[in-house]
Amino acid sequence: MTTDAISRLQAAMERGAAARPKAGGFPYLAESLRQAGVTHCRMAVPANAFLYLTEHGDVVVQGEPLVTGFALAPRFDEAALIAALRADQAGETTFPEFVRACWDAGIAWYDVDTAARTCTYYGTDGDHYAEDYPSVTLP
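These notes cover the structure that comes with them. Since we're looking at a predicted model, the values are computed, not measured.

## As for the nonpolar core
Here is step 1: Core analysis: the largest hydrophobic core is formed by 28 residues, its most contacted members being Leu 33, Val 45, Leu 81, Tyr 110 and Tyr 121.
Here is step 2: At the level of secondary structure, the elements contributing two or more residues to this core comprise helix 1 (2–19), helix 2 (26–35), strand 1 (38–44), strand 2 (49–54), helix 3 (78–89), helix 4 (95–104), strand 4 (109–113) and strand 5 (118–122).
Here is step 3: With four residues, the single largest contributor to this core is helix 4.

## With respect to the pairing of strand 5
For a regular strand, side chains alternate in direction, first toward one face of the sheet and then toward the other.
Here is step 1: Across the five residues that make up strand 5, a large majority, four, are buried.
Here is step 2: Taken together, the five bridges between strand 4 and strand 5 define a ladder with antiparallel strand orientation. Bridge assignment links Asp 111 to a residue of strand 5, and that residue is Thr 120.
Here is step 3: With antiparallel pairing between neighbouring strands as the criterion, strand 4 and strand 5 make up a hairpin whose turn holds four residues, including Arg 117 at a positive phi of roughly 55°.
Here is step 4: When strand 5 meets strand 6 (residues 128–132), the two strands line up antiparallel, connected through five bridges. Directly across from Tyr 122, in strand 6, lies its bridge partner His 128.
Here is step 5: Connecting strand 5 to the antiparallel partner strand 6 that follows it, the hairpin turn spans five residues, and Gly 126 within it adopts a positive phi of roughly 90°.

## A closer look at the packing of aromatic side chains
Here is step 1: By the definition in use, this model includes eight aromatic pairs.
Here is step 2: Ring geometry for Phe 98 against Tyr 110: centres 6.4 Å apart, planes inclined by 65°, an arrangement best described as edge-to-face. Here Tyr 110 lies in strand 4 and Phe 98 lies in helix 4, a separation of twelve residues in the sequence.
Here is step 3: On the basis of relative accessible area, Tyr 110 is assigned to the buried category, the value being 5%.
Here is step 4: Each member of the aromatic cluster is reached from another via a ring pair, and the members are Phe 50, Tyr 52, Phe 95, Phe 98, Tyr 110 and Tyr 121.

## Digging into the environment of Val 45
Here is step 1: Among the secondary structure elements, Val 45 is positioned in the loop between strand 1 and strand 2.
Here is step 2: Expressed as a C-alpha distance, the spacing of Val 45 and Arg 117, which sit 72 residues apart in the sequence, is 20 Å.

## Thoughts on the environment of Arg 42
Here is step 1: Along the chain, Arg 42 turns up in strand 1.
Here is step 2: Here Arg 42 is in contact with Ala 49, Phe 50, Leu 51, Leu 53, Tyr 110 and Asp 111, once residues within four sequence places are set aside.
Here is step 3: Only 2.9 Å separates the side chain of Arg 42 from the side chain of Asp 111, close enough to count as a polar contact.

Each value, and the rule that gives it
For every chain, the first residue of its written sequence is number 1, and the numbers climb from 1 along that sequence. Totals for whole chains, interfaces and linings use all residues, but because this is a predicted model, local features are given only for residues with pLDDT of at least 70 and pairs of side-chain atoms are given and counted only at 80 or more. Side-chain calculation: all heavy atoms of the structure are included, whereas hydrogens and water are not. Residues belong to one nonpolar core when they are buried, are Ala, Val, Leu, Ile, Met, Phe, Trp, Tyr or Cys, and are joined through side-chain atoms within 4.5 Å. Exposed residues in this analysis have more than 50% of their type's maximum accessible area, buried residues have under 20%, and partly exposed residues fall in between, with area computed by a 1.4 Å probe over protein chains only. The way it works is that DSSP assigns letters per residue, a run of H or I at least four long becomes a helix, a run of E at least two long becomes a strand, and they are numbered from the N terminus. If DSSP finds at least two bridges between two strands, the strands pair. The pairing test for Phe, Tyr and Trp rings, Trp by its six-membered ring, is centres within 6.5 Å, and the orientation test on the planes gives stacked under 30 degrees, edge-to-face over 60, and tilted for anything in between. Residues count as neighbours in contact if any of their non-hydrogen atoms are within 4.5 Å of one another. Here a polar contact is recorded for every N or O atom pair within 3.5 Å, except that within protein the pair must consist of a potential hydrogen donor and a potential acceptor, and residues adjacent in sequence are included only if both atoms are side-chain atoms.

And the structure:
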């Protein structure tokens, strides 16, 4: 079951990346994940680790951590987060740059709900910011 979950996730990520335009591309990736049975994507920002909750088994994807050892968590800065989101949505940043900007804006984790089509970003003190993303049709 686990390898099936991983192979389905990898295929969905590849399909979403292929369909994704440079600007405004996230909804295409999210729709590909939703169609593959992913219900939530949870990102631990300083660890740069994703937890994908799927109908076929839950999958962890570990990237290069942003922080090692001890570090102070930045304070939640909604304006900086929104600036990071708009730059990413405009196709002006890479995904690693976006993750770093989230951390710099005080985001400790974020959650994507593929059914509700929402992304919610959380700071360490309970502060949060949520956005809806549009429904799209994959080619």
